[in-house]
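Listed below are the residues making up each chain.
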Amino acid sequence: MARSLGISRATVGFVLNGTPGQTISAATTERVVAEARRLGYRPHTAARALASGRSNLILLVLPDWPIEFSLGQHIDEATHTLESNGYTLITHTLHEDSRSRPLWETLQPDVVVGLLPFSDALVRSMREAGVPRIVPDPDIIPEVQHSEEGARLQIEHLRSLGHERIGYVRSGNPRLQQLIDMRQATALEAAAEAGLSAPEVFTLAAPESSEDPPVRDWVGRGITGIAAFNDDVAAAVIGAAQRAGLAVPAELSVVGHDDTPIAAMIEPRITSVRLDATGLGQYLASLAITAVDGVSASPLQEGSAVSLVERASSAVAPKATRI
């Protein structure tokens, strides 16, 4: 190509690789691009990565969770932010029974990012495969997950309305148990800090079951407020309460989590914790870019990561139990 254009191979390389800091005229650049197109040139990704030490691939390792509304938003926003910075995001879900090789052994990603801290075994596997950067850094004690602080807002909201007896309702989806455990632990911790007795914990039947949760029994035991693992669980509790002849929120307040579309679709509309999907996705992308480029990550404001959206499913506790 360089010979046919009458220019140096270095100039051709600078144009095709987009090398910054070069003083190549627009006319020469257009000639190189046009000739590359005529010849059907395609960059050799592996060779470029070997020469630059970069693949521009970010591998996001996901727990074996369903890709629900909020998680899908996080991934979409992280993908968009990374693409605008010249990186490609690839997701890889960890399955306990998988017999395939993990993608970090074949893709040569610039960084492997996890939504949760990696186990020692996974960190060892990544380092043996030559992964240069891991986020979260396994050598740093992980901070509290912002997305799980929503459970604290649920308890604080019910407490502010005078609810002293609170129940925490878990999803019956076995794939979500790790996330459920994290949110439940935060809810119990928040109740203790607020001077409340430990919330009673209930688990819904499996998603495919038509069995109603025993909400009338809960109310009979003095429970007036429910913090639900997510909006689907909150909707199931509200539906069961209505079928049992209980008024929501007059007899039982219900607070969901994630502020998914269903929260505004049913009656009463669900008070829920809203996650800043855009901010969290951008923050996830900025952590990856920081790990690769060494620039400072965009800060994630504690107060903006989660917030409570108050709707009609929660109200002041019944007078008999008000503080």
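## Digging into the packing of helix H7 (residues 150-160) against helix H8 (residues 177-193)
Turning to step 1, where the next piece is worked out: It is at 8 Å that the axes of H7 and H8 come closest, and there the two elements cross at 40°. Comparing their axes, H8 and H7 come out oblique. Viewed along their axes, H7 and H8 form a crossing whose handedness is right-handed. Packed against H7, whose contacting residues are Ala151, Arg152 and Ile155, the element H8 presents Arg183, Thr186, Ala187, Glu189, Ala190, Ala191 and Glu193 at the interface.
Turning to step 2, where the next piece is worked out: Taken together, the residues of the contact of H7 with H8 sort by class into 5 nonpolar, 1 polar and 4 charged.

## Quick look at the pairing of strand S2 (residues 88-93)
Turning to step 1, where the next piece is worked out: When strand S1 (residues 57-62) meets S2, the two strands line up parallel, connected through 6 bridges. Across the sheet, leucine 62 pairs through a bridge with threonine 93, a residue of S2.
Turning to step 2, where the next piece is worked out: In terms of handedness, the path from S1 via helix H5 (residues 69-84) over to S2 forms a crossover that is right-handed.

## Section: the side chain of aspartate 258
Turning to step 1, where the next piece is worked out: In this structure, aspartate 258 sits in the loop between strand S8 (253-257) and strand S9 (271-275).
Turning to step 2, where the next piece is worked out: Relative accessible area serves as the criterion here: at 10%, aspartate 258 is assigned to the buried category.
Turning to step 3, where the next piece is worked out: For aspartate 258, the side chain forms a polar contact with the side chain of arginine 183, separated by 3.1 Å.
Turning to step 4, where the next piece is worked out: Among residues more than four places away in sequence, those in contact with aspartate 258 are Ser70, Arg183, Asn230, Asp231, Ser272, Val273 and Leu275.

## Some thoughts on the pattern of salt bridges
Turning to step 1, where the next piece is worked out: Counted by the stated rule, this structure contains 15 salt bridges.
Turning to step 2, where the next piece is worked out: A salt bridge links arginine 152 to glutamate 189, with the shortest nitrogen-to-oxygen separation between them at 2.5 Å. Linking arginine 152 in helix H7 with glutamate 189 in helix H8, this pair joins segments that are 37 residues apart in sequence.
Turning to step 3, where the next piece is worked out: You can call arginine 152 buried: its relative accessible area is 13%.
Turning to step 4, where the next piece is worked out: Among the ionic contacts, a cluster of salt bridges with common partners joins Glu149, Arg152, Glu189 and Glu193.

## Notes on the packing of aromatic side chains
Turning to step 1, where the next piece is worked out: Under the counting rule described, the total for this entry stands at 1 aromatic pair.
Turning to step 2, where the next piece is worked out: Each ring, one from phenylalanine 202 and one from tryptophan 218, has its centre 4.5 Å from the other, and the planes form 20°; the classification is stacked. Of this pair, phenylalanine 202 sits in strand S6 (residues 200-203) while tryptophan 218 sits in helix H9 (residues 215-220), and the two are 16 residues apart along the sequence. Each member of the pair, phenylalanine 202 as well as tryptophan 218, is classed as buried.

## Overview of unusual backbone geometry
Turning to step 1, where the next piece is worked out: Cis peptide bonds are those with omega within 30 degrees of zero, and the linkage from valine 135 to proline 136 qualifies with 0°.
Turning to step 2, where the next piece is worked out: With respect to the helices and strands, the residue proline 136 is situated in the loop between strand S4 (134-135) and H7.
Turning to step 3, where the next piece is worked out: The amide bond that connects glutamate 267 to the next residue, proline 268, takes the cis arrangement and shows omega of -5°.
Turning to step 4, where the next piece is worked out: Looking at the element boundaries, proline 268 is found in the loop between S8 and S9.
Turning to step 5, where the next piece is worked out: Unlike most non-glycine residues, asparagine 56 shows phi in positive territory, near 60°.
Turning to step 6, where the next piece is worked out: Topologically, asparagine 56 is positioned in the loop between helix H4 (45-52) and S1.
Turning to step 7, where the next piece is worked out: A relative accessible area of 31% places asparagine 56 in the partly exposed class.
Turning to step 8, where the next piece is worked out: Of note, the phi angle at aspartate 258 is positive, near 105°, even though the residue is not glycine.

## Brief notes about the sheet that holds S2
Pairing between sheet strands relies on hydrogen bonds along the backbone, with the strands arranged either parallel or antiparallel.
Turning to step 1, where the next piece is worked out: Strand order in this open sheet of 4 strands is S2-S1-S3-S4, and the pairing throughout is parallel. The sheet terminates laterally at S2 and S4, the two strands that pair on one side only.
Turning to step 2, where the next piece is worked out: In terms of strand pairing, S1 meets strand S3 (residues 111-114) through 4 bridges, oriented parallel. Following the sheet pairing, isoleucine 58 is matched in S3 by valine 111.
Turning to step 3, where the next piece is worked out: Here helix H11 (residues 277-293) sits on the sheet and contacts S1, S3 and S4; the angle it forms with S3, its principal contact strand, is near 150°.

## Structural notes on the environment of alanine 198
Turning to step 1, where the next piece is worked out: Among the structural elements, alanine 198 can be located in the loop between H8 and S6.
Turning to step 2, where the next piece is worked out: Separated by 34 residues in the primary sequence, alanine 198 and glutamate 164 place their C-alpha atoms 9.8 Å from one another.

## Remarks on the environment of isoleucine 58
Turning to step 1, where the next piece is worked out: By the element assignment, isoleucine 58 lies in strand S1.
Turning to step 2, where the next piece is worked out: Considered as a pair, isoleucine 58 and threonine 91 are 33 residues apart in the sequence and their alpha carbons are 8.5 Å apart.
Turning to step 3, where the next piece is worked out: Setting aside residues up to four positions removed in sequence, isoleucine 58 forms contacts with Leu82, Tyr87, Thr88, Leu89, Ile90, Val111, Val113, Ala288 and Val292.

## Quick look at the sheet that holds strand S5 (residues 166-170)
Turning to step 1, where the next piece is worked out: An order of S6-S5-S7-S8-S9-S10 is seen for the 6 strands of this open sheet, with the pairing classed as mixed. Pairing within the sheet leaves two strands with one partner each, and these edge strands are S6 and strand S10 (306-309). On average, adjacent strands in this sheet sit at an angle of 20° to one another, irrespective of strand direction.
Turning to step 2, where the next piece is worked out: Two strands pair when backbone bridges link them, and S8 and S9 are joined in this way by 3 bridges, in the parallel orientation. Opposite valine 255, over in S9, you have threonine 271 as the bridge partner.
Turning to step 3, where the next piece is worked out: The sheet strands contacting H7 are S5, strand S7 (225-228), S8, S9 and S10, and the helix crosses S8 at an angle near 165°.

Cut-offs used in this document
Numbers given for residues are sequential positions, taken from 1 along each chain in its written order. Local features in a predicted model are, by the rule used here, given only for residues with pLDDT of at least 70; side-chain atom pairs are given and counted only at 80 or more, and totals for whole chains, interfaces and linings are based on all residues. The basis for the side-chain values is all heavy atoms of the structure; hydrogens and waters are excluded. Angular values range over 0 to 180 degrees, each being the angle between N-to-C directions of two axes fitted as lines to C-alpha atoms, with helices fitted over their stretch in contact. Helix and strand assignments follow DSSP, with helices taken as H or I runs no shorter than four residues and strands as E runs no shorter than two, numbered in order from the N terminus. Comment on the angle field: the value is read as roughly parallel under 35 degrees, roughly antiparallel over 145, roughly perpendicular from 65 to 115, and oblique elsewhere. Crossings are classed by handedness, with left-handed meaning an anticlockwise turn of the near helix from the far one by less than a right angle and right-handed meaning a clockwise turn. Contact criterion: two residues are considered in contact whenever any of their non-hydrogen atoms come within 4.5 Å of each other. The residue classification treats Ala, Val, Leu, Ile, Met, Phe, Trp, Tyr, Cys and Pro as nonpolar and Asp, Glu, Lys and Arg as charged. All others, Gly included, are polar. One bridge is not enough; two strands pair if DSSP finds at least two bridges between them. Crossovers are described as right-handed under a simple rule: with the strands pointing away from the observer, the path leading from the first strand over the helix to the second runs clockwise. Only protein chains enter the calculation, and the probe is 1.4 Å; a residue is then buried if its accessible area is under 20% of its type maximum, exposed if over 50%, and partly exposed in between. Throughout this description, a polar contact denotes any pair of N or O atoms lying within 3.5 Å of each other; where both atoms belong to protein, one of them has to be capable of donating a hydrogen while the other can accept it, and for residues adjacent in sequence the pair is counted only when both atoms sit in side chains. A carboxyl oxygen of Asp or Glu within 4 Å of a side-chain nitrogen of Lys or Arg is what we treat as a salt bridge. Put simply, two rings from Phe, Tyr or Trp (the six-membered ring, in Trp's case) pair if the centres are within 6.5 Å, and we call them stacked under 30 degrees between planes, edge-to-face over 60, tilted for the rest.

Functional significance is not addressed by these values, which are geometric in nature.
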